[in-house]
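One-letter residues, chain by chain:
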Amino acid sequence: MKKLNILLLGGTKDSTELIKHLKNNYDTHILTTTTTEYGSKLAVEAGSDDTIARPLLKDEIIDLINNSDFDLLIDATHPFAEHITQTSTSVSKICNIKYIRFERPALSFDDIDDSHIIYAKSFENAGEIIADEFPQGNILHFAGANTMEDVLKNVAIDRFYPRILKVPKSIEKCEKLGIENDHIIEMKGAASLKENIDLIEKYDASVMITKESGEIGGVIEKIEAANQKNIALLMIKRPVIKELEKKDIVSTLDEFDEKIKELF
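We now turn to the structure provided with this report. (Residues numbered from 1 in each chain as written. Predicted model: local features only at pLDDT ≥ 70, side-chain atom pairs only at ≥ 80, totals over all residues. Heavy atoms only, no water.)

## Quick look at unusual backbone geometry
- Phi at Asn 96 is positive, roughly 55°, even though this residue is not glycine.
- Along the polypeptide, Asn 96 turns up in the loop between α4 (82-95) and β5 (98-102).
- Residues other than glycine seldom take positive phi values, yet Asn 230 does so here, at roughly 55°.
- Structurally, Asn 230 can be placed in the loop between α9 (219-229) and β11 (232-236). (Helix = DSSP H or I, 4+ residues; strand = E, 2+ residues; numbered from the N terminus.)

## Notes on the nonpolar core
- By size, the foremost hydrophobic cluster in this structure holds 24 residues, and its most contacted members are Ile 130, Ile 209 and Leu 234.
- The set of elements that each furnish at least two residues to this core consists of α5 (123-133), α6 (148-151), β8 (160-164), β10 (205-211) and β11.
- When residues in this core are grouped by element, the largest group, four residues, is from α5.
- Setting aside anything within four residues of it in sequence, one finds Ile 209 in contact with Phe 123, Ile 130, Ile 139, Leu 140, His 141, Phe 142, Ala 143, Val 151, Leu 234 and Ile 236.
- In this structure, Ile 117, Leu 140, Tyr 161 and Ala 226 belong to the second largest nonpolar core, which totals 20 residues. (Core = buried A, V, L, I, M, F, W, Y, C linked by side-chain atoms within 4.5 Å. Buried < 20%, exposed > 50% of the residue type's maximum accessible area, 1.4 Å probe, protein only. Contact = heavy atoms within 4.5 Å.)

## As for the side chain of Ser 48
- Among the secondary structure elements, Ser 48 is positioned in the loop between α2 (37-46) and β3 (50-53).
- At 3.2 Å, the side chain of Ser 48 and the backbone oxygen of Ile 30 are in polar contact.
- Reaching out from Ser 48, the side chain makes a polar contact with the side chain of Thr 32 at a distance of 2.8 Å.
- When sequence neighbours within four positions are dropped, the list of residues in contact with Ser 48 reads Ile 19, Ile 30, Leu 31, Thr 32 and Ala 43. (Polar contact = N/O pair within 3.5 Å; in protein donor to acceptor, adjacent residues only side chain to side chain.)

## Regarding the sheet that holds β3
- Pairing in this open sheet of six strands is parallel, and the strands run β3-β2-β1-β4-β5-β12 from one edge to the other. What marks the edges here is a single partner per strand, and that holds for β3 and β12 (249-250).
- Two elements, strand β1 (residues 4-9) and strand β4 (residues 72-75), share four bridges in a ladder whose sense is parallel. Considered in β4, the bridge of Leu 9 is made with Asp 75.
- With respect to the sheet, helix α3 (residues 58-66) is in contact with β1, β2 (28-34), β3 and β4, its orientation differing from that of β1 by roughly 170°. (Pairing = 2+ DSSP bridges. Axes fitted to C-alpha atoms, helices over the stretch in contact; angles between N-to-C directions.)

## Notes on the packing of aromatic side chains
- Applying the stated rule across the entire model yields two aromatic pairs.
- Arranged with centres 6.3 Å apart and planes meeting at 80°, the rings of Phe 102 and Phe 256 form a pair that is edge-to-face. Note that Phe 102 is positioned in strand β5 and Phe 256 in helix α10 (residues 253-263), a separation of 154 residues in sequence.
- On the basis of relative accessibility, which here comes to 0%, the residue Phe 256 falls in the buried class. (Phe/Tyr/Trp six-rings, centres within 6.5 Å; stacked < 30°, edge-to-face > 60°.)

## Some details on the packing of helix α8 (residues 193-202) against α9
- Closest axis-to-axis distance for the α8/α9 pair is 8 Å, and the angle between their directions is 45°. With respect to α9, the element α8 is oriented oblique. When the axes of α8 and α9 are compared, the crossing they make is right-handed. The residues of α9 that touch α8, namely those facing Leu 193, Asn 196, Ile 197, Ile 200 and Glu 201, are Glu 221, Lys 222, Glu 224, Ala 225, Ala 226, Gln 228 and Lys 229. (Parallel < 35°, antiparallel > 145°, perpendicular 65-115°, else oblique. Left-handed = near helix turned anticlockwise from the far one by under 90°.)

## A look at the pattern of salt bridges
- Taken as a whole and assessed by the stated rule, the structure comprises 18 salt bridges.
- Between Glu 212 and Arg 238 there is a salt bridge whose closest N-O contact spans 3.3 Å. Linking Glu 212 in the loop between β10 and α9 with Arg 238 in the loop between β11 and β12, this pair joins segments that are 26 residues apart in sequence. Arg 238 carries the same exposure label as Glu 212, and that label is buried.
- Residue Glu 262 pairs with Lys 259 through a salt bridge whose shortest N-O separation is 3.1 Å. With Glu 262 and Lys 259 both in helix α10 and three residues apart, the pair spans about one turn of that helix.
- Exposure remark for Glu 262: the relative accessible area of 57% places this residue in the exposed category. (Salt bridge = Lys/Arg side-chain N within 4 Å of Asp/Glu carboxyl O.)

## Things to note about α8
- Residues of α8 that are buried include every one of Asn 196, Ile 197, Leu 199 and Ile 200, and no others. Along the axis of α8, the buried positions cluster into a sector of 160°, meaning they face one direction only. Facing away from the buried side of α8 by more than 90 degrees, the exposed set consists of Lys 194 and Lys 202.
- Buried residues in α8 make contact with β7 (138-142), β8, β9 (185-186), β10 and α9.
- Asp 204, located one to two residues past α8, shows a positive phi value of around 50°. (Arc of directions from axis to C-beta.)

In structure tokens:
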């Protein structure tokens, strides 16, 4: 197989694992795009040859592909990064470039006690459910800085405790929304079961909010913590992206290798 020149849309733990896998098993040059400097740093540490550390518009991605000799576009962004995945599928068709969507598998609930989970259609809907059903106690928001505003449309800010990366962009969002510093919980990767339990106890939480982001996102530990502390877990289901074709999606490194054989 020839050397592969890859444009990888990253910024997730999945993407760093994929970069390591590519570098260990293939002859590649990888340019990774991320939305933050932190994501870029992790990509470089994983082995990415180059990075772009800012959000790219659709036209910028198209120009990047048209002005380079990329063989493959990989979208390894978060399952909830709906807009970028819609963009990547569109760009792959416009630029006629081979495309793989690397998406962590959805969580299997076969052996999980899901009795404390309440599903919400959206983050705004999660706020509505909390306002109606959980008027007392504090709210632990484990779903990223970009989703805070929708929840706060329906819940009081003095009950709200988000766990976020302490990067400038996220801190600015908190300041804009009026979230006090002592309500911000610094995030360093997925939390363990004990860490989640400690946070529930420390902040006297009656409800947690999370995305159905798969096992790698620490969802199982959140479910178990909610079960043990007998509090509700508001879970937002991952979006279904109509533009994404099933044949383009892989969920494991073995599936990825099979897809590479198929494409090249």
